[in-house]
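Spelled out, the chains give:
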Amino acid sequence: MKKLPPDQTAPRPSVVTIGSFDGVHRGHQALIQEALERARKRDADMWVMTFDPHPAMVLRGIRHRFLITPGVLKEIYLDRAGALGVTVIPFTPAFSHLSAEDFLEREIRQRMQAVAVVVGFNFTFGARGLGTVTTLQEWAAPRGIEVVVKEPIQINPNRAASSSSVREAITAGQLDAAEAVLGHAFSVQSPIQRGEQRGRALGFRTLNLVPPAEQVMPPFGVYAGYVLIESRPIPAVANWGIRPTFGGEDPVLEIHGLDGPLQASYGDVARFDFVGFIREERRFPSPDALTDQIRRDVDQARRMLAEKPWRR
Ligand SMILES: Cc1cc2nc3c(=O)[nH]c(=O)nc-3n(C[C@H](O)[C@H](O)[C@H](O)COP(=O)(O)O)c2cc1C
Ligand SMILES: Nc1ncnc2c1ncn2[C@@H]1O[C@H](COP(=O)(O)OP(=O)(O)OP(=O)(O)O)[C@@H](O)[C@H]1O
């Protein structure tokens, strides 16, 4: 997937799809497929235009447990969805004051050289979100720019796929519901952190990740999943929490490989793809009691993962 810096002009005419794309859920994926098809038909390039930070974080001052795909995770999932290129606009307060028409003129027509724009049914944009699909259509028609408006991708008859519904499901610990909307696993990615080396003594060595504070997370607990080290998925069980047995405070995702020690160095980046919830995190009366429970967690994780092989 190509990247176009925000201060550079697209080299060729393009088909652009616009949005926050947090999570790159099935609605977003449908938009990307549509944009790809249109680009092929018109012999144009295809670009996803997205924003960083997420507009809601700037406009509503949200900083904690919000994003589904912070940092490079969004680009990883855009690439998976088939996007050929992405341009990320820094969403500054100044940018947020740009009117809908000025945004279209400057970013879509002049910079991206758009011949077509693909958006969802509920797309809004520009200062105070005043721009709508109608604004876009009325602006585009006299300029010979095609507008494609995608019908909602529904998760059930009452609910369209949306980033908000994914956030709600993750917060409630409903990983299956989140995955049904996302069309892929919910993932955490971070550099590997040094732990307190207690895992060795317990007989369960772990690799520790610290999800960014801005990322939405499920409740503290034990989860089955796959840990990706150098793009290789390895079956694992992880504890997300503060380790109350040892009086911990800072939340950590501690990952134990089911098939032996995980080979990676501190500072390397690893990703954990959540598959299923096993149990809540608890305070155990002794380290031995915790070890006994972790043995059972490992067995359960094996059973869960046997039924759900890793999917890119
Ligand atoms: C599968 C699994 C489940 C765990 N469950 C709990 C738990 O319920 N309560 C708890 O206090 N710690 C739990 N832990 C965390 C251990 O206490 C932790 O791995 C150990 O303290 C090592 O920490 P360290 O890497 O900082 O040395 C769990 C760890 C794993 C791998
Ligand atoms: N279910 C869907 N079906 C089709 N298009 C969608 C769907 N959901 C979002 N889109 C479109 O995808 C683009 C990006 O959407 P965006 O990420 O800004 O919002 P969202 O997914 O609806 O999230 P939120 O819940 O935060 O509003 C927009 O053009 C939007 O209209």
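Everything numeric in this text was worked out from a predicted model, so none of it was measured.

1. Focus: the pairing of strand S6 (residues 146-150)
And step 1. Examined bridge by bridge, strand S5 (residues 114-120) and S6 share 5 bridges and lie parallel to one another. Among the inter-strand pairings, Val117 is bridged to a residue of S6, identified as Val147.

2. So, the site of ligand 1
And step 1. Arg198, Arg243, Thr245, Glu254 and Arg282 are the nearest of the 24 residues found near ligand 1.
And step 2. Between an oxygen atom of ligand 1 and a side-chain N or O atom of Thr245, the distance comes to 2.7 Å.
And step 3. Contact distances for ligand 1 include 2.8 Å between an oxygen atom and a side-chain N or O atom of Glu254.
And step 4. For ligand 1, whose free accessible area comes to 630 Å², the fraction covered by protein is 99%.
And step 5. Sorting the residues of the shell around ligand 1 by element identifies helix H9 (198-202), strand S12 (232-241), strand S13 (252-257) and helix H10 (287-307) as the ones contributing at least two each.
And step 6. Residues belonging to the shell around ligand 1 are distributed by class as follows: 8 nonpolar, 8 polar and 8 charged.

3. Some points on the UniProt feature "domain: Riboflavin kinase" (unreviewed entry) in the protein
And step 1. UniProt's entry tags residues 181-306 with the feature "domain: Riboflavin kinase" (unreviewed entry), counted in the numbering of this structure.
And step 2. Across residues 181-306, the secondary structure splits into 21% helix and 37% strand, with the terminal C-alpha atoms separated by 22 Å.

4. Brief notes about the nonpolar core
And step 1. By size, the foremost hydrophobic cluster in this structure holds 29 residues, and its most contacted members are Phe186, Val227, Leu253, Ile255, Phe272 and Phe274.
And step 2. One finds Phe95, Leu98, Ala100 and Met112 within the second-largest nonpolar core, a separate group that totals 26 residues.

5. Focus: the sheet that holds strand S3 (residues 45-52)
And step 1. Within the open sheet, the 6 strands sit side by side as S1-S4-S3-S2-S5-S6. Their pairing is parallel. Either end of the sheet is taken by a strand with one partner, and the two such strands are strand S1 (2-3) and S6.
And step 2. Sitting on the sheet, helix H5 (residues 100-111) is in contact with strand S2 (14-18), S3, strand S4 (85-90) and S5, with an inclination near 145° to S3.
And step 3. Each of S5 and S6 is contacted by helix H6 (residues 133-140), which is oriented at about 160° to S6, the strand it contacts most.

6. Remarks on the site of ligand 2
And step 1. With respect to spatial proximity, 22 residues lie near ligand 2, and among them His25, Asn122, Ile153, Ala161 and Ser164 are the closest.
And step 2. A distance of 2.7 Å separates an oxygen atom of ligand 2 from a polar side-chain atom of His25.
And step 3. Gly120 places a polar main-chain atom, nitrogen or oxygen, 2.9 Å from an oxygen atom of ligand 2.
And step 4. In isolation ligand 2 has 610 Å² of accessible area, and contact with the protein removes 86% of it.
And step 5. Mapped by element, the contributors of at least two residues to the shell around ligand 2 are helix H1 (26-42), S5 and helix H7 (163-171).

7. Some words on the packing of H7 against helix H8 (residues 175-182)
And step 1. Direction vectors running N to C along H7 and H8 enclose 160°, while the axes themselves pass 7 Å from each other. Taken as axis vectors, H7 and H8 run roughly antiparallel relative to one another. Crossing hand, H7 versus H8: left-handed. Listed contacts from H8 to Ser165, Val166, Ala169 and Ile170 of H7 are Ala177, Ala178, Val181 and Leu182.
And step 2. Among the residues making up the contact of H7 with H8, the classes are represented as 7 nonpolar, 1 polar and no charged.

The rules behind each value
- Residues numbered from 1 in each chain as written.
- Chains lettered and ligands numbered in written order.
- Predicted model: local features only at pLDDT ≥ 70, side-chain atom pairs only at ≥ 80, totals over all residues.
- Heavy atoms only, no water.
- Pairing = 2+ DSSP bridges.
- Helix = DSSP H or I, 4+ residues; strand = E, 2+ residues; numbered from the N terminus.
- Near = heavy atom within 4 Å.
- Polar contact = N/O pair within 3.5 Å; in protein donor to acceptor, adjacent residues only side chain to side chain.
- Areas by Shrake-Rupley, 256 points an atom, 1.4 Å probe, with all protein chains shown as cover.
- Nonpolar A, V, L, I, M, F, W, Y, C, P; charged D, E, K, R; others polar.
- UniProt positions renumbered as here; feature names shortened; annotations may be inferred.
- Core = buried A, V, L, I, M, F, W, Y, C linked by side-chain atoms within 4.5 Å.
- Buried < 20%, exposed > 50% of the residue type's maximum accessible area, 1.4 Å probe, protein only.
- Contact = heavy atoms within 4.5 Å.
- Axes fitted to C-alpha atoms, helices over the stretch in contact; angles between N-to-C directions.
- Parallel < 35°, antiparallel > 145°, perpendicular 65-115°, else oblique.
- Left-handed = near helix turned anticlockwise from the far one by under 90°.

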